[in-house]
Amino acid sequence: MNSIVCLKQVPDTEAQLKVKSEGIGTDGVKFIISPYDEYGVEEALVQKEKAGAGEVSILCLGPDRCVEAIRTGLAMGADKAFHIDDPACDGSDAMATAKVLAEQIKKMDDYDLIFCGKQAIDDDQGQVGVALAEHLGLPHASLVTKVEVADGKAKVNRQIVGGEQIVELPLPCVITAQKGLNEPRYASLPGIMKAKKKPLSPVKIADLGIDAATTGAAGSKTKAGNFSSPPARTEAKIIAGESPEEKAAALAKALREEAKVI
Amino acid sequence: MGKGIWVFAEQEEGNIRKVTFEILSAARAIADAKGEPLCAVCLGKDISALGDKFAPYGADKVYLVDHEALGDYTTDAYAKALCDLISKEAPSTILMGATVIGKDLAPKVAARIDAGLVSDCVEIKLDGDGIVLKRPIYAGKAYAEVTFQNTEIAMASIRPNVLVAAEPDASKSADVENVTPEISADDVRVNIVETIKSAADKVDLTEAEIIVSGGRGMKGAENYPIIEALADALGATVGASRAAVDSGWRPVSDQVGQTGKVVAPNLYIACGISGAIQHYAGMGTSKVIVAINKDEEAPIFGKCDYGVVDDLFKVVPPLTEEIKKLKAE
């Protein structure tokens, strides 16, 4: 069972970010594999183990620091990786990113599953997985919480409003991972050692036949700017009262008369 | 450049998602300023009865795209029907709710028609000729303003429950065009095997106007009935923090937070929830936040509108009674 896993390196969820109008500062911040992508790495490994054979390839578009995240994926058990590290891609939006990843995947053959996270936890756009499937002409399932492969098809559980759905789609297909799909394994020490020897191939857009003008900030169709911090909430009113019952009554009154939400 | 501000009118079994009306209401001013028609585009099966539902919220025109294959949502069928209509009618702008369907359909369509797409926006306005969208990034730790460049069609998905739906004006009318799309069996590659809906009568968290959530302070699954009782009194949906879900007290579908659901209710009552940044990422845009927690140092007290520093087990039941009294008045 051969899988390709798209992985993005992002700031840790606890990271303190410097928010300036021109951009978000991430100096000195700890970076991790975006958690939803990590479910993808784990699922690729699980499916390979269930099938008894196969290869898991990691694909990452990002700067030099991404090597650490890629090596973590290899240490978890992936077999090889491709790192698209080209300054021409800087500032690519989600759609532009999907196009670049698609061109790399078009050069790869014999894969059954492509895993992406449902969204990257920095940009939170949630577009790459679905757009990638479209560019590759493949079916996809999003918000997937379970994958079973049999007879050339993937049978997956996916989240819908107010419940769950089980769908079947032919291989090869794209899966976007949702929380609950699995519990990602920690890289073991032997895994970390082996990862150092696994192939990690750098890729430039010229290798993919991509014109610099069609990618990066200039080649993207959306442009983000004027960054700001979230509006501050006014200071909380701590409800006073001699007893819990009194506080409850005061709160109910405030919600009705002051906040007017009930 | 095309003309037409389109709003994808999401419906399920004839029920139109509220976010459709929120977007139509906000897009009306943009359509006026740009001098373009505002169109509701509704896809489904046997939806002729929905034709008059959109004019009251400002639609000039309604496309009713009706086909057997659109009865249940599949990306392939919906994308085929919508993209064929887009090729034919050439809109300038396509807006959708950032719902489960919207977040799945929008990138598919955007990739197919090579359009710029901005997801999960909380504000939409016009600056000169161009649309400007504001959206949270880093799970709401920051906000970005996003504009379009070099795109024939601008697409965006809008977070539900943030924009305000106008008061419907029943005197308004719209042109209704019936569209029969061409969708063959070969077009649809995904087969729906089974649909499992939980608690059919409960409003989904992402659309709820009031939410009552329980966290680590609940101490066990068996204690949630007091939360459910408060929710019932308020007509609210019950949510949970990650701690409660990871402990197995509540289902994953109840989780509010960065790795759970993002909600934007009018009122969010957090019981026994410390207010970690990852939880706040899921509910920080609630209009009014109430925290009930016996730990006065809990971070949530720095992020709420009303705080009760006390034992939730002693506060929630009397609160439920007070709410019932108020509602009975």
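It should be emphasised that the depicted structure is a prediction, and the values quoted were computed from it without experimental measurement. (Residues numbered from 1 in each chain as written. Chains lettered and ligands numbered in written order. Predicted model: local features only at pLDDT ≥ 70, side-chain atom pairs only at ≥ 80, totals over all residues.)

1. Topic: the overall build of chain B
Where we set the bar: Secondary structure follows DSSP: runs of H or I at least 4 residues long count as helices, runs of E at least 2 residues long count as strands, and numbering of each begins at the N terminus. As a reference, a globule follows 2.2 Å times the number of residues to the power 0.38, and the radius of gyration itself is taken over C-alpha atoms. Each residue is classed by its C-beta neighbour count within 10 Å, where at least 20 other C-beta atoms makes it buried, 12 or fewer makes it exposed, and intermediate counts make it partly exposed; the C-beta atoms are placed from backbone geometry. Contact between two residues is assigned when their C-beta atoms, built from the backbone, lie within 7 Å.
Per the secondary structure count, chain B includes seven helices and 18 strands. Its C-alpha atoms give chain B a radius of gyration of 21 Å, within 12% of the compact-globule value 20 Å for 329 residues. With the C-alpha coordinates aligned to their principal axes, the bounding extent of chain B is approximately 60 × 45 × 40 Å. By the burial criterion, 57% of the 329 residues in chain B qualify as buried. In chain B, the share of contacts with a sequence separation of at least 24, taken over all contacts with a separation of at least 6, comes to 65%.

2. Considerations on unusual backbone geometry
Here Leu171 of chain A and Pro172 of chain A are connected by a cis peptide whose omega angle stands at -5°. The topology assignment puts Pro172 of chain A in the loop between strand E11 (163-170) and strand E12 (173-177). Residues other than glycine seldom take positive phi values, yet Asp114 of chain B does so here, at roughly 60°. Along the chain, Asp114 of chain B turns up in the loop between helix H3 (100-113) and strand E7 (116-121).

3. So, the interface of chain B and chain A
Filter applied, for reference: In this classification, Asp, Glu, Lys and Arg are treated as charged, Ala, Val, Leu, Ile, Met, Phe, Trp, Tyr, Cys and Pro as nonpolar, and every other residue, Gly included, as polar. DSSP-based pairing: two strands are paired if at least 2 bridges between them are found.
Taken together, the contact pairs 71 residues of chain B with 66 residues of chain A. Broken down by element, the residue count for the side of chain B that touches chain A peaks at eight residues, all from H3 of chain B. Residues of the side of chain B that touches chain A, tallied by class, amount to 35 nonpolar, 18 polar and 18 charged. Bridging between strand E14 (residues 222-228) of chain A and strand E10 (residues 142-148) of chain B involves five bridges; their strand directions are antiparallel. Bridge pairing in E10 of chain B places Lys223 of chain A opposite Thr147 of chain B.

4. Section: the sheet that holds strand E11 (residues 154-158) of chain B
Residue and element names in this part refer to chain B. Keep this limit in mind: To define axes, lines are fitted to C-alpha atoms, for helices over the stretch in contact only, and angles between the resulting N-to-C directions are given on a 0 to 180 degree scale.
Taken in spatial order, the seven strands of this open sheet run E7-E11-E6-E1-E4-E5-E12, and their pairing is parallel. The sheet is open, and its two edges are formed by E7 and strand E12 (175-179), each paired on a single side. Taken pair by pair, the neighbouring strands of this sheet meet at an average axis angle of 20°, ignoring direction. Across four bridges, E7 lies against E11 in parallel orientation.

5. Details of the domain arrangement of chain B
Residues and elements named next belong to chain B. To be explicit about the condition: Boundaries between domains were set according to an automatic or database domain assignment.
Here chain B is partitioned into domain 1 (5-187) and domain 2 (205-328). If you average the C-alpha positions of domain 1 and of domain 2, the two centres end up 32 Å apart. Taken together, the nine residues of domain 1 in the interface contact nine residues of domain 2. Across the side of domain 1 that touches domain 2, the residue classes tally to four nonpolar, three polar and two charged.

6. Details of the nonpolar core
In plain terms, the rule: What makes a nonpolar core is a set of buried Ala, Val, Leu, Ile, Met, Phe, Trp, Tyr and Cys residues, with links drawn between C-beta atoms within 7 Å.
Residues Val5 and Leu132 of chain A together with Cys42 of chain B are the most contacted members of the largest nonpolar core, which totals 192 residues. Residue contributions to this core peak at eight residues, all from helix H3 (residues 94-106) of chain A. Among all residues touching Val5 of chain A, those that are not within four sequence positions of it are Gly40, Val41, Ala44, Val56, Ile58, Leu59, Gly73, Ala78 and Phe115 of chain A.

7. Concerning the packing of helix H7 (residues 244-258) of chain A against helix H7 (residues 312-328) of chain B
For any two helices packed against each other, one specifies the inter-axial angle together with the distance between the axes. As a reminder, the rule being used: An angle below 35 degrees is treated as roughly parallel, one above 145 as roughly antiparallel, one from 65 to 115 as roughly perpendicular, and anything else as oblique. Each helix crossing is assigned a hand: it is left-handed if the near helix lies turned anticlockwise from the far helix by less than a right angle, otherwise right-handed if that turn is clockwise.
Orientation of H7 of chain A relative to H7 of chain B, taken along the N-to-C sense of each, is 45°, at an axis distance of 8 Å. With respect to H7 of chain B, the axis of H7 of chain A lies oblique. Considering only the axes of H7 of chain A and H7 of chain B, their crossing is right-handed. Residues Pro244, Glu245, Lys247, Ala248, Ala249, Leu251, Ala252 and Arg256 of chain A of H7 of chain A pack against Lys314, Val315, Pro318, Leu319, Glu322, Ile323 and Leu326 of chain B of H7 of chain B. Residues belonging to the contact of H7 of chain A with H7 of chain B are distributed by class as follows: 10 nonpolar, no polar and five charged.

8. Thoughts on the environment of Asn266 of chain B
Examined against the element boundaries, Asn266 of chain B turns out to sit in the loop between helix H5 (242-246) and strand E16 (267-271). Between the C-alpha atoms of Asn266 of chain B and Ala9 of chain B, which are 257 residues apart in sequence, the distance is 23 Å. Leave out the neighbours within four places in its chain, and Asn266 of chain B touches Val261 of chain A together with Glu209, Ile210, Lys287 and Val288 of chain B.

9. Re the domain arrangement of chain A
Annotation of chain A at the domain level lists domain 1 (3-219) and domain 2 (234-262). With centres defined by C-alpha atoms, the gap from domain 1 of chain A to domain 2 of chain A works out at 47 Å.

10. A short note on the confidence of the model for chain B
Rules: Along the chain, pLDDT gives the predictor's confidence residue by residue, from 0 to 100.
Across chain B, the average pLDDT comes to 95, with 99% of residues at or above 70. Predicted complex, confidence summary: ipTM 0.95, pTM 0.93.

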